Amino acid sequence: MKTKLEELKNQAIEEINKIHDLKELQELKIKYLGRKGELNTIKRGLKDVPPEERPAIGELANKTAAEIEQTLSQIYENLYRASVSQKLEAEKIDITLPGDYVAYGKQHPLTATINEIVSIFYRMGFTLVEESNSPEVETEYYNFDALNFPPEHPAKDTQDTFYTINAPNLLLRSQTSNSQIREMEKKMPPLRVISPGRVYRAETVSSRKNNLFHQVEGVMVDKEVTFGNLKGVLNEFTRQFFGQARPTRFRTSFFPFTEPSAEIDVQCIICSGKGCRTCSGSGWLEILGSGMIDPNVLRTVNIDPEVYSGFAFGMGVERLAMLKFAINDIRLFFNNDVRFLDQF
Ligand code: DAH
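About the thresholds
- Residues numbered from 1 in each chain as written.
- Predicted model: local features only at pLDDT ≥ 70, side-chain atom pairs only at ≥ 80, totals over all residues.
- Heavy atoms only, no water.
- Axes fitted to C-alpha atoms, helices over the stretch in contact; angles between N-to-C directions.
- Helix = DSSP H or I, 4+ residues; strand = E, 2+ residues; numbered from the N terminus.
- Parallel < 35°, antiparallel > 145°, perpendicular 65-115°, else oblique.
- Contact = heavy atoms within 4.5 Å.
- Nonpolar A, V, L, I, M, F, W, Y, C, P; charged D, E, K, R; others polar.
- Phe/Tyr/Trp six-rings, centres within 6.5 Å; stacked < 30°, edge-to-face > 60°.
- Buried < 20%, exposed > 50% of the residue type's maximum accessible area, 1.4 Å probe, protein only.
- Core = buried A, V, L, I, M, F, W, Y, C linked by side-chain atoms within 4.5 Å.
- Domains from an automatic or database assignment.
- Pairing = 2+ DSSP bridges.
- Salt bridge = Lys/Arg side-chain N within 4 Å of Asp/Glu carboxyl O.
- Near = heavy atom within 4 Å.
- Polar contact = N/O pair within 3.5 Å; in protein donor to acceptor, adjacent residues only side chain to side chain.
- Areas by Shrake-Rupley, 256 points an atom, 1.4 Å probe, with all protein chains shown as cover.

Student: Could you give me a rundown of the packing of helix H1 (residues 2–18) against helix H2 (residues 22–33), with the residues and numbers involved?
Tutor: Interhelical geometry of H1 versus H2 gives an angle of 170 degrees and a closest axis separation of 10 Å. The angle between H1 and H2 falls in the class roughly antiparallel. In contact with Leu 8, Gln 11, Ala 12, Glu 15, Ile 16 and Lys 18 of H1, H2 contributes Glu 24, Leu 28, Lys 31 and Tyr 32. Here the contact of H1 with H2 is composed, by residue class, of five nonpolar, one polar and four charged.

Here is the structure:
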């Protein structure tokens, strides 16, 4: 029996060492150590062994079982390790590879410029006009007449302004100034509002002019609002928008709805004031119109000019964005060429 056990052990270990997978391992385990396995078959012959030899043989049987068990678990561990590293190898990723490019949307430079302008005025206490007070399809009255334009003003000509064919006095607004009138008509001072929006002009399209562009209108009305307030607010705006390094100047001007009127120029970004084609040799570029609201306009919206005064301003968004980002063609804003838009 002793030799049988020896042989069994050797045979088992030899077979175990040859296996390839966990399934075979399981089969061998049953074959040798299972309830009906070979070891038990041999052990059943223990009853035929003389009693004095039984303990030694029994011990040997247990030892044999332990050795087979140990070989099995060693092989099990090897197989398990191998399968894990095979899996890791198969699922390996190269974390040093560059990632896939994912195109994501960006704010359009005009939107970004409008947002910046609006936030500068927010910080000075201005709020947005109600959207319903700033329509793009407007009547002649709000776009011109209420703003003190004389009946024969050239801007009212169809050469400059798009009229609709739906009604004789309906047009696409040529300026955001219509929103001043609508806002002042509905609200009493103190008023401090701005209103960004689209405006339309019947012009020949060029690198400097487009039929559609954007303005931001502003108006402040209260008791004792002075030209000093106008200057303070607009100087602060240009300082924040362009930074201290870029000089600006106030220049007297004329608008039908303000008296006195002033335009603000910023030093030409192309030639830094030396004079070039962009600034027609003057060294300056106009960025906004402004002035003290004409008493006639206040009377039209039933605000008493003896009690209240105010200032207003209007700026071209494309113009400001072109100066800030050194863009030389207004049409770039509207072509939606991703190579252009991607730069912002
Ligand atoms: N509406 C004028 C334009 O389109 C700009 C402007 C000038 C607006 C003076 C104003 C202002 O409110 O006071 O050229």
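Student: How would you summarise the packing of aromatic side chains if you had to cite specific residues and measurements?
Tutor: Aromatic ring pairs are reported here in terms of the distance separating the ring centres and the angle at which the planes meet. In this structure the tally under the stated criterion is 16 aromatic pairs. Taking 4.9 Å as the distance between ring centres and 80 degrees as the angle between the ring planes, the aromatic pair formed by Phe 241 and Phe 242 counts as edge-to-face. Side by side, Phe 241 and Phe 242 carry an identical accessibility label, which is buried. A centroid spacing of 6.1 Å and a plane angle of 75 degrees characterise the contact between Phe 333 and Phe 340, whose relative ring orientation is edge-to-face.

Student: Run through the nonpolar core, naming residues and quoting values.
Tutor: Generally speaking, soluble globular proteins have nonpolar side chains that are buried together. Core analysis: the largest hydrophobic core is formed by 41 residues, its most contacted members being Ile 117, Phe 121, Phe 126, Phe 237, Phe 311, Phe 313 and Met 315. Among the elements of the structure, helix H5 (109–123), strand E5 (212–222), helix H8 (227–242), strand E7 (258–267), strand E8 (284–293), strand E9 (309–316), helix H10 (317–325) and helix H12 (338–341) are those that each provide at least two residues to this core. Setting aside residues no more than four positions away along its own chain, Phe 126 makes contact with Phe 121, Arg 192, Val 193, Ile 194, Val 219, Met 220, Val 233, Phe 311 and Phe 313. One finds Met 184, Val 193, Phe 257 and Tyr 308 within the second-largest nonpolar core, a separate group that totals 21 residues.

Student: Give a description of the domain arrangement of the protein that names residues and reports values.
Tutor: Parsing the protein into structural domains produces domain 1 (2–90) and domain 2 (109–341). For domain 1 and domain 2, the distance between their C-alpha centroids amounts to 94 Å.

Student: So what's going on with the sheet that holds E8? Residues and values would help.
Tutor: Strands in a sheet are paired, the pairing made by backbone hydrogen bonds, and the direction either parallel or antiparallel. What the seven strands build is an open sheet, ordered E1-E4-E5-E9-E8-E7-E6; its pairing is mixed. Each edge of the open sheet carries a strand with a single partner, namely strand E1 (127–128) and strand E6 (248–255). In this structure, E5 lies alongside E9, joined through eight bridges in antiparallel fashion. Bridging from a neighbouring strand, Val 216 pairs with Met 315 of E9. Along the sheet, helix H7 (residues 178–186) contacts strand E4 (191–200), E5, E8 and E9; its crossing angle with E5, the most-contacted strand, is approximately 35 degrees.

Student: Account for the packing of H1 against helix H4 (residues 54–90), naming residues and giving values.
Tutor: Between H1 and H4, the least distance of the axes is 10 Å, while the angle of their chain directions is 5 degrees. It follows from the interaxial angle that H1 and H4 lie roughly parallel. Within the contact between the two elements, H1 uses Lys 2, Leu 5, Lys 9, Ala 12, Ile 13, Ile 16 and Asn 17 and H4 uses Ile 57, Leu 60, Ala 61, Thr 64, Glu 67, Ile 68, Thr 71, Leu 72 and Ile 75. Among the residues forming the contact of H1 with H4, the class breakdown is ten nonpolar, three polar and three charged.

Student: So what's going on with the pattern of salt bridges? Residues and values would help.
Tutor: Note that side chains of opposite charge can pair when their charged atoms are close. For the structure shown, the criterion picks out 22 salt bridges. Asp 145 serves as the salt-bridge partner of Lys 156, at 2.7 Å between the closest nitrogen and oxygen. With Lys 156 in the loop between helix H6 (140–143) and strand E3 (170–172) and Asp 145 in the loop between H6 and E3, this pair connects stretches of sequence that are eleven residues apart. You can call Lys 156 buried: its relative accessible area is 11%. Here Arg 249 makes a salt bridge to Asp 265, at a shortest N to O gap of 2.8 Å. In this pair, Arg 249 is assigned in strand E6 and Asp 265 in strand E7, connecting sequence segments 16 residues apart. Looking at Asp 265, the relative accessible area reads 2%, which means it is buried. A single network of salt bridges, built from pairs that share partners, joins Arg 249, Arg 251, Glu 263 and Asp 265.

Student: Can you tell me about the site of the ligand, naming the residues and giving the values?
Tutor: In the vicinity of the ligand, 15 residues are found, and the nearest of them are Gln 175, Gln 180, Arg 201, Gln 215 and Glu 217. Between the ligand and the protein, one listed contact pairs an oxygen atom with a side-chain N or O atom of Arg 201 at 2.9 Å. About the coverage of the ligand: the protein hides 89% of its 350 Å² of free accessible area. Put simply, the parts of the chain that give the shell around the ligand at least two residues each are E5, E8 and E9. Of the residues assigned to the shell around the ligand, the class counts are four nonpolar, nine polar and two charged.

Student: So what's going on with H7? Residues and values would help.
Tutor: Think of an α-helix as turning once every 3.6 residues; residues three or four places apart then point the same way. Where burial is concerned, most of H7 is hidden: seven out of the nine residues are buried. What H7 keeps buried is the set Asn 178, Ser 179, Gln 180, Ile 181, Arg 182, Glu 183 and Met 184.

Student: Explain the environment of Leu 22 to me, and be specific about the residues and the numbers.
Tutor: In this fold, Leu 22 is placed in helix H2. Since its relative accessible area comes to 36%, Leu 22 is described here as partly exposed. On a C-alpha basis, the gap between Leu 22 and Leu 79 in space is 7.0 Å, while along the polypeptide they are 57 residues apart. When near neighbours in sequence (up to four residues on either side) are disregarded, Leu 22 contacts Tyr 76 and Leu 79.

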